[in-house]
Amino acid sequence: MRDFPLEAEFAVDRGETLVLIGENGAGKSSLLFLLSGLMPPESGRIMLGERVIYDSSKGINVPAEERDIGFVFQHYALFPHLTVFENVAFGLRRRKIPPSEIRTRVEDSLALLSIESLDAVRADRLSGGQRQRVALARALAIAPALLLLDEPVSALDAGAQERMRSELRACIRRSDIPCIAVTHSFRDALSLGDRIGVMENGRIVQNGTPDELMRSDHEFLHRFFCGCRQ
Amino acid sequence: MNSVEGLVEVKRLRQSCRAILLTFGTGVLITLLLIFIVTPILALLFRISPDRFCASLSDPVVWDALVLSLTTATISTCVIVLLGTPVAWINARYCYSGREFVDTIIDLPLVLPPAVAGLALLMAFGRMGIIGRYFYESGISIAFTTLAVIIAQVFVALPFYVRQARASFEQLDTMYEQAARSLGSTTLPTFFIIVLPLVKSGLIAGAIMSFARALGEFGATIMFAGNIQGRTQTMPLAIYTTMQGDLNASITLSVILIIISFVVLFIVKFKLRRDVRF
């Protein structure tokens, strides 16, 4: 485990994306996994708005399956044996939603990402970019209270990354869901982020718009953005 | 040719000789090993003509043993899969105190001599056994029945399945289970809808290995279940019994077991290559 506590507080508006950047081991991915409930904290408190989802002193621990947080994994974690439709419908079926509504919501999600034609294709037959879209459609279909993206385009080739960044941003805005993304790429941070947070030893030490942070003298930001400052 | 070129040529020749010797040595080693394994099998296959093989199939001893073996091994495999799958999954995914101890105990029948396993089962489930006595008092006798054959087979074949199943679960990236949880799926639906289909081939391979082991079980069965035709005389026991009188029946049963072993190995190798992953 890390030798520092995670103490991060931030606000993200609906349709807005906060991109977390920082050195390796700063706690960015841990933050996502702690928020989603996929990693148990040793102790402490996690709040989502006014809702306490973890509080060790009160014995509260809302399980991951009840947190209502969408998660797009770095390698997408699509279920390879299921079709695109079944992947996107998976979370809705677990919520016991009527089949007709499931169909409508899946179709809406697929349309949002322009992948309606892939609905009957098995997930293991998709290209990298298609997987990315399906993973996002699957996370959005459950209409989560919060969307988490872990290195959202890092598994794609350079050309696909560029296209996907703009699509991702547009899609998150349209979905009107607050989003937190973690990345190591300054291109991701600038293209996706409405705001950027810099994490250092478990704390957010800088938080602002890309333009504000581009002007910052913070040592990490200086190195992080050196490519585009020139 | 100057002296430098001469030295290079000598070095090249030496390397060629070494490569030829290495290839030859490896070839000889593999050939000897194959001869060692294949000769007894071929000797068995050539010992019986197809006519005699077919005639022996109608021998009641052969037929009874074949039916009993296939029936008991199938039941044992079902029991093993039902008991072994959750244990393998828990041991692959959850860390609890005593997990290594549980694993070691499950593996124990792998290294236990079959005769010891048979005697141990007799001491546990026999008429005077620590558990069997209570069944016996209630009018249920376990030892020397078909149930004893199944218990012996489950005992010796369980580790084959659990080891393979655990390895399959461990190889599966936990991100699939995490993704399912983040989408609102609880443990059991995740297991049945996501995990099981993704490790299906590994589990089938493990079940087939267990089936083969159960089919070939001899020592524990003869000690614990006896050697009664039609009730407890499985194929290996029938081979042992008929070998002293009717060698054709014995060879026929052996050939059937060889064929099953081949089929098992092929299916296992094929299945283990087939699990769907990204």
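Going by the annotation in an unreviewed UniProt entry, the name recorded for chain A is Molybdenum transport atp-binding protein modc, with hydrocarbon metagenome given as the source organism.

Per the secondary structure count, chain B includes twelve helices and zero strands. In terms of overall dimensions, chain B is more spread out than a globule: its C-alpha atoms have a radius of gyration of 25 Å, far above the 19 Å expected for 278 residues. C-alpha extents for chain B along the principal axes are approximately 100 × 65 × 30 Å. Classification of the 278 residues of chain B by burial places 39% in the buried group. Restricting to contacts in chain B with at least 6 residues of sequence separation, those with at least 24 account for 76%. In the form shown here, chain B has an accessible surface area of approximately 15,600 Å², with 71% of it arising from carbon and sulfur atoms. Looking at chain B, you have 21 positive and 15 negative side-chain charges, and the mean spots of the two groups are 4 Å apart.

With the rule as written, the count across this model stands at 20 salt bridges over all chains. Residue Glu65 of chain A is joined to Arg181 of chain B by a salt bridge in which the shortest nitrogen-to-oxygen separation is 3.1 Å. With Glu65 of chain A in the loop between strand 4 (60-61) and strand 5 (69-72) and Arg181 of chain B in helix 8 (residues 175-182), this residue pair bridges two chains. The exposure class assigned to Glu65 of chain A is buried, which follows from its relative accessible area of 16%. A relative accessible area of 30% means that Arg181 of chain B is categorised as partly exposed.

Facing the 26 residues of chain A at the interface are 19 residues of chain B. Summed over both sides, the interface of chain A with chain B buries roughly 2,000 Å², with 71% coming from carbon and sulfur. At the boundary of chain A and chain B, one finds one salt bridge. Along the contact surface separating chain A from chain B lie three residue pairs in polar contact (both at pLDDT 80 or more).

What follows is about the packing of aromatic side chains. Residue and element names in this part refer to chain A. Across all of its chains, the model carries ten aromatic pairs over all chains by this definition. Ring centres of Phe33 and Phe71 lie 5.0 Å apart, and the angle between their planes is 55°; this geometry places the pair in the tilted category. With a gap of 38 residues between them, Phe33 in helix 1 (residues 28-36) and Phe71 in strand 5 connect regions that are remote in the sequence. For the pair Phe33 and Phe71, a shared accessibility class is recorded, and that class is buried. Sitting over the face of the ring of Phe90, Arg94 holds its NZ or CZ atom 4.9 Å from the ring centroid. Between Arg138 and the ring centre of Phe79, over which it is positioned, the NZ or CZ distance is 4.6 Å.

Turning our attention to the pairing of strand 2 (residues 45-48) of chain A. Residues and elements named next belong to chain A. By the alternation rule, side chains of strand 2 split into Ile46 and Leu48, which are all buried, and Arg45 and Met47, of which none is buried. Across four bridges, strand 2 lies against strand 3 (residues 51-55) in antiparallel orientation. Among the inter-strand pairings, Arg45 is bridged to a residue of strand 3, identified as Asp55. What sits between the antiparallel neighbours strand 2 and strand 3 is a turn of two residues, in which Gly49 has the positive phi angle 65°.

Next up on the list: the side chain of Thr72 of chain B. Residues and elements named next belong to chain B. With respect to the helices, strands and loops of the structure, Thr72 is situated in helix 3 (residues 60-93). One polar contact links the side chain of Thr72 to the main-chain carbonyl oxygen of Ser69, over a distance of 3.2 Å. At a separation of 3.2 Å, a polar atom in the side chain of Thr72 contacts the side chain of Gln153. Those residues in contact with Thr72, other than ones at most four positions away along the chain, are Thr146, Val149, Ile150, Gln153 and Thr234.

Residues and elements named next belong to chain A. Across the five residues that make up strand 6 (residues 146-150), a large majority, five, are buried. For strand 5 and strand 6, the ladder comprises four bridges, and the chain directions are parallel. Along strand 6, the bridge assignment pairs Gly70 with Leu147. Here strand 6 pairs with strand 7 (residues 179-182) via four bridges, running parallel. Bridge pairing in strand 7 places Leu149 opposite Ala181.

Residues and elements named next belong to chain B. Residue placement: Phe144 occurs in the loop between helix 6 (132-137) and helix 7 (146-171). Given the relative accessible area of 39%, Phe144 is considered partly exposed. Considering only alpha carbons, one finds Phe144 and Ala225, 81 residues apart in sequence, at a separation of 3.7 Å. Those residues in contact with Phe144 that lie beyond four places of it in its chain are Leu122, Met223, Phe224, Ala225, Gly226, Ile228, Arg231 and Thr232.

Its identity is not glycine, yet Asn201 of chain A carries a phi of approximately 45°, on the positive side. At Phe144 of chain B, a position not held by glycine, the phi torsion is positive, near 60°.

This next bit is on the sheet that holds strand 3 of chain A. Ordered in space as 2-3-4 (chain A), the three strands form an open sheet in which the pairing is antiparallel. Since the sheet does not close on itself, it has two edges, and those belong to strand 2 and strand 4 of chain A, each with one partner.

This paragraph deals with the sheet that holds strand 8 (residues 195-200) of chain A. All names here are of chain A. One open sheet accounts for six strands, arranged 5-6-7-1-8-9; its pairing is mixed. Pairing within the sheet leaves two strands with one partner each, and these edge strands are strand 5 and strand 9 (203-208). Going from strand to strand, the sheet's axes swing by 20° on average, the running direction of each strand aside.

All names here are of chain B. The N-to-C vectors of helix 11 (residues 235-242) and helix 12 (residues 247-272) enclose an angle of 155°; their axes lie 8 Å apart at closest approach. Classed by the angle they form, the pair helix 11 and helix 12 counts as roughly antiparallel. The element helix 11 and its partner helix 12 pack so that their crossing is left-handed. Of the residues in helix 12, those in contact with Met235, Pro236, Ala238, Ile239 and Thr242 of helix 11 are Leu247, Ala249, Ser250, Leu253, Ser254, Ile256 and Leu257.

Reading the values: the criteria
- Residues numbered from 1 in each chain as written.
- Chains lettered and ligands numbered in written order.
- Predicted model: local features only at pLDDT ≥ 70, side-chain atom pairs only at ≥ 80, totals over all residues.
- Heavy atoms only, no water.
- Helix = DSSP H or I, 4+ residues; strand = E, 2+ residues; numbered from the N terminus.
- Rg over C-alpha atoms; globule rule 2.2 N^0.38 Å.
- Buried < 20%, exposed > 50% of the residue type's maximum accessible area, 1.4 Å probe, protein only.
- Contact = heavy atoms within 4.5 Å.
- Areas by Shrake-Rupley, 256 points an atom, 1.4 Å probe, with all protein chains shown as cover.
- Lys, Arg positive; Asp, Glu negative; His and termini not counted.
- Charge placed at Lys NZ, Arg CZ, Asp CG, Glu CD.
- Salt bridge = Lys/Arg side-chain N within 4 Å of Asp/Glu carboxyl O.
- Buried area = accessible area lost by both parts, 1.4 Å probe.
- Polar contact = N/O pair within 3.5 Å; in protein donor to acceptor, adjacent residues only side chain to side chain.
- Phe/Tyr/Trp six-rings, centres within 6.5 Å; stacked < 30°, edge-to-face > 60°.
- Lys NZ or Arg CZ within 6 Å of the ring centre and 35° of its normal.
- Pairing = 2+ DSSP bridges.
- Axes fitted to C-alpha atoms, helices over the stretch in contact; angles between N-to-C directions.
- Parallel < 35°, antiparallel > 145°, perpendicular 65-115°, else oblique.
- Left-handed = near helix turned anticlockwise from the far one by under 90°.

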